[in-house]
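Residue-level structural notes
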Amino acid sequence: MTLTDIMPTLRMSIPDPIDLRQWPPGTSVTIDDVAVQGFSLSTASALLGSPMRWAPDDRSTTIVIVCSVSAVLDDPAEPILLLDCDVRRGIPTDTDAPVIDIAWDHARLIGRVSVAHKHRVQLLGDGTHSRLPHTLAADTDTAAVTAPLPKDLAVGDRIAVPCTVGATPLRTSAEGVVAHTAGAV
């Protein structure tokens, strides 16, 4: 448990700590953002939209996925959030390396500061925007995951989460990370 977990109002002045071993090399945090090698994920997702898959380079085995909250289902026992990405596979595309592990326990709210306490939130999402949370919950093919996130999440909030990927297919030198990311959404 961290000081910002005990007193969440401290997030207005200091960032929540992160486990740098879970994130790509060169990751830093501010009170409302995650930057990888100086590249703001909040700014990138605001410009490119979400879901967004970001890798520091073509050989990286750790990437970041940024998803947006599409719907919030208030369940008294455990809130349920619908995300615009596949919560089990990330953002699969034909040219990307497959996602092996999504580290939901290290997910972070980006784009705004929350002073609400964190709790385990159930996350649903199959990568489409056309299914309602209750339809997803009834679907045995879509397993829910949980993540420690602030209680006050709302539609439109963005969540960054580190992922481990397999071997990346070779790309031509003309393909860049940003162009690759833009094509993936």
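Note that the structure is predicted; figures quoted are calculated from it, not measured.

Parameters and conventions
Residues numbered from 1 in each chain as written. Predicted model: local features only at pLDDT ≥ 70, side-chain atom pairs only at ≥ 80, totals over all residues. Heavy atoms only, no water. Helix = DSSP H or I, 4+ residues; strand = E, 2+ residues; numbered from the N terminus. Buried < 20%, exposed > 50% of the residue type's maximum accessible area, 1.4 Å probe, protein only. Contact = heavy atoms within 4.5 Å. Areas by Shrake-Rupley, 256 points an atom, 1.4 Å probe, with all protein chains shown as cover. Pairing = 2+ DSSP bridges. Polar contact = N/O pair within 3.5 Å; in protein donor to acceptor, adjacent residues only side chain to side chain. Core = buried A, V, L, I, M, F, W, Y, C linked by side-chain atoms within 4.5 Å. Salt bridge = Lys/Arg side-chain N within 4 Å of Asp/Glu carboxyl O.

1. Quick look at the overall build of the chain
Regarding its fold elements, the chain presents four helices and 11 strands. Taken across its 185 residues, the chain has 44% of its residues classed as buried. Put simply, 70% of the contacts in the chain that link residues at least 6 apart link residues at least 24 apart. When the accessible area of the chain is evaluated, it comes to approximately 9100 Å², of which 57% is carbon and sulfur surface.

2. So, the pairing of strand β5 (residues 62–73)
Looking down a regular strand, the side chains alternate between one sheet face and the other. Counting buried residues in β5 gives nine out of 12 residues, a clear majority hidden from the surface. Relative to strand β11 (residues 158–165), β5 runs antiparallel, the two being bridged by seven bridges. In the strand pairing of β11, Ile63 is matched with Cys163. As paired elements, β5 and strand β6 (residues 80–83) share four bridges and run antiparallel to each other. Within β6, the position partnered with Leu73 by the bridge is Ile80.

3. Here we look at the sheet that holds strand β1 (residues 27–29)
With antiparallel pairing, the three strands of this open sheet are ordered in space as β1-β2-β3. Looking at strand neighbours, the two that pair on one side only are β1 and β3 (39–40), the edges of this open sheet. Two strands pair when backbone bridges link them, and β1 and strand β2 (residues 34–36) are joined in this way by three bridges, in the antiparallel orientation. By the bridge assignment for β2, Val29 is matched with Val34.

4. Some thoughts on the environment of Thr27
Secondary-structure assignment places Thr27 in strand β1. Contact partners of Thr27, with chain neighbours within four places excluded, come to Ile18, Leu20, Val34, Ala35 and Val36. One polar contact links the side chain of Thr27 to the main-chain carbonyl oxygen of Pro24, over a distance of 2.5 Å.

5. Some remarks on the nonpolar core
In terms of nonpolar packing, the biggest core is built from 25 residues, with Ile65, Leu83, Trp104, Leu123 and Leu149 touching the most fellow members. Those elements giving two or more residues to this core turn out to be β5, β6, β7 (99–102), β9 (118–124), β10 (145–150) and β11. Excluding residues within four positions of it along the chain, Leu83 makes contact with Cys67, Ser68, Val69, Ser70, Trp104, Leu123, Leu124, Gly125 and Ile159. Formed by 11 residues, the second largest nonpolar core is a distinct cluster that contains Met52, Trp54, Val64 and Val66.

6. Things to note about the pattern of salt bridges
As enumerated under the stated definition, the model contains six salt bridges in all. Arg11 is the salt-bridge partner of Asp16, the closest N and O atoms lying 3.1 Å from each other. Like Asp16, the residue Arg11 is buried in the burial classification. For the salt bridge of Arg120 with Asp105, the shortest nitrogen-to-oxygen distance reads 2.9 Å. You can see Arg120 sitting in strand β9 and its partner Asp105 sitting in the loop between β7 and β8 (108–110), a full 15 residues away along the chain.

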